Amino acid sequence: MSFSMDIKKELTRIETSGICCKEYELTGIIRAGIVIRKYKGKPRVLFTTENASLSRHLYSRVKELYKNSPDIFILKTRRFHNHTVYRLEFTHLLGEEMKMIMKKMGISIDGEKISYKNIKIRKRCCKRAYLRGCFLAGGSITDPDRSYHLEVTFPSLLLAQECISLLKEFDIESRHIERKGHYLVYLKEGQEIVDFLNVIGAHNALLKLENIRILKDMRNQVNRIVNCETANLEKTVNASLRHVDSIKYIAETRGLDSLPENLREIAVLRLENPDASLSELGQMLNPALSKSGVNHRLRKIDRIAENIRLNGI
Ligand SMILES: [Zn+2]
């Protein structure tokens, strides 16, 4: 199951106590989710989802709040994988009473045309509920193992802007773009997504996302350390190879006996211990020598070899 599906399943199981919040959550679902499709010459008001728990949730909320139920159709399609689409139809409910309810939701339906008005949500609990409804109907989130992206699709610019300003009230900065006549409100930062999940009450999903973020951070840190150590190791190995090269060259040309005693001593140790670090070589000397002391002597040897290469013996 995708991360989006997981979250929506979690959201439909939230025990909303207040009737106010139930109404606003439903308002969010309806505003973000219903469409009008013409079928056999007649416009029909539909809500379509692939999410079984969302279709059950919407059905039972409408029944609970308005003592009416939408028709429900289950369609099996062979497109993509063999998946199931749940279609809820509200057309037959559009009597005077339902039209009043829709009006309260800021929706007016005129034949095939659907239009939206801004609604005023007073209470903070209801704002959360409304955003939850919008996410249930039009939201999706990428698997946080891959990347951070959360979006909610709306059928009108007015709804997208309303969502953006509601999010601002919770200190969440979002942006929107238009795509094929739809308006997408989206979040790109891990922290913003965590805040959003908190606002809409998806606490399990939030914990899961936080865990992934922590793991990712740790993995990055470990990678940085490993890269740094690899680079250092490479430097050490290259230096050691260069020293051994110089020493062998001196041995073959002037002979190691030509070196002053302090250099000859370190040259022999280096040849015998090509894998030892500079500090380890220093420890082998008597008296012991610091890392920088060893480095200094080996650089002198490098220069002598270089001199022989350039000027001959
Ligand atoms: Zn409320």
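Residue indices follow the written sequence of each chain, beginning from 1 at its first position. Side-chain atom pairs in this predicted model are given and counted only at pLDDT of 80 or more, local residue features only at pLDDT of at least 70, and totals for whole chains, interfaces and linings cover all residues. Just so you know, side-chain values use all the structure's heavy atoms and leave hydrogens and water out.

## Considering the pairing of strand E5 (residues 107–110)
Thinking step 1. Each residue gets one of three labels from its accessible area relative to the maximum for its type: buried under 20%, exposed over 50%, partly exposed in between, using a 1.4 Å probe on protein chains only. Helix and strand definitions follow DSSP, with helices as H or I runs of at least four residues and strands as E runs of at least two, each counted in order from the N terminus. Burial of the side chains of E5 is restricted to one face: Ile 107 and Ile 109 are buried, whereas none of Ser 108 and Asp 110 on the reverse face is.
Thinking step 2. Only strands joined by at least two bridges in the DSSP assignment are considered to pair. Bridge count for E5 against strand E6 (residues 113–116) is 4 bridges, and the pairing is antiparallel. Looking across to E6, one finds that Asp 110 is bridged to Lys 113.
Thinking step 3. The hairpin turn running from E5 into E6, its antiparallel successor, is 2 residues long, and Gly 111 in that turn takes a positive phi close to 60°.

## Looking at the sheet that holds strand E10 (residues 182–187)
Thinking step 1. Pairing within the open sheet is antiparallel, and its 4 strands lie in the order E7-E8-E10-E9. The open sheet terminates on both sides in strands that have one partner only, identified here as strand E7 (139–141) and strand E9 (175–179). Taken pair by pair, the neighbouring strands of this sheet meet at an average axis angle of 25°, ignoring direction.
Thinking step 2. Alignment of E9 against E10, held across 5 bridges, turns out to be antiparallel. Its bridge partner lying in E10, Glu 178 is registered against Tyr 183. Interaxial angle, 0 to 180 degrees, is taken between N-to-C directions of lines fitted to C-alpha atoms, where a helix line uses only the stretch in contact.

## With respect to the domain arrangement of the protein chain
Thinking step 1. A domain assignment, automatic or from a database, supplies the domain bounds used here. Domain boundaries assigned for the protein chain yield domain 1 (3–201) and domain 2 (218–311).
Thinking step 2. Computed over C-alpha atoms, the centres of domain 1 and domain 2 are 69 Å apart.

## Examining the nonpolar core
Thinking step 1. In terms of nonpolar packing, the biggest core is built from 62 residues, with Phe 90 and Leu 197 touching the most fellow members.
Thinking step 2. When residues in this core are grouped by element, the largest group, 7 residues, is from helix H5 (residues 124–138).
Thinking step 3. In this description, contact between two residues means that some pair of their heavy atoms is separated by no more than 4.5 Å. Contact partners of Leu 197, with chain neighbours within four places excluded, come to Ile 7, Leu 150, Ala 202, Ala 205, Leu 206 and Leu 209.
Thinking step 4. Core analysis: the next-biggest nonpolar cluster, separate from the first, contains 17 residues, Ala 276, Leu 298, Ala 305 and Ile 308 among them. Only buried residues count toward a nonpolar core. Its members are Ala, Val, Leu, Ile, Met, Phe, Trp, Tyr and Cys residues joined through side-chain atoms within 4.5 Å.

## Side note on the packing of aromatic side chains
Thinking step 1. Any two of the Phe, Tyr and Trp rings considered here, Trp counted by its six-membered ring, make a pair once their centres fall within 6.5 Å; the pair's planes then place it as stacked at under 30 degrees, edge-to-face at over 60, or tilted in between. As enumerated under the stated definition, the model contains 1 aromatic pair in all.
Thinking step 2. It is Lys 8 that lies over the ring of Phe 135; its NZ or CZ is 5.7 Å from the centre.
Thinking step 3. Throughout this description, the term charge over a ring refers to an Arg CZ or Lys NZ atom that lies within 6 Å of the ring centre and within 35 degrees of the ring normal. For Arg 309, the ring lying beneath its charged end belongs to Tyr 249, and the centroid distance is 4.5 Å.

## Structural notes on the confidence of the model for the protein chain
Thinking step 1. The quantity called pLDDT is the predictor's confidence in a given residue, expressed from 0 to 100. When pLDDT is averaged across the protein chain, the result is 90; 98% of the residues are at 70 or more.
Thinking step 2. The secondary structure element of the protein chain with the lowest average pLDDT is helix H4 (residues 96–104), at 81, and the one with the highest is strand E8 (residues 150–154), at 97.

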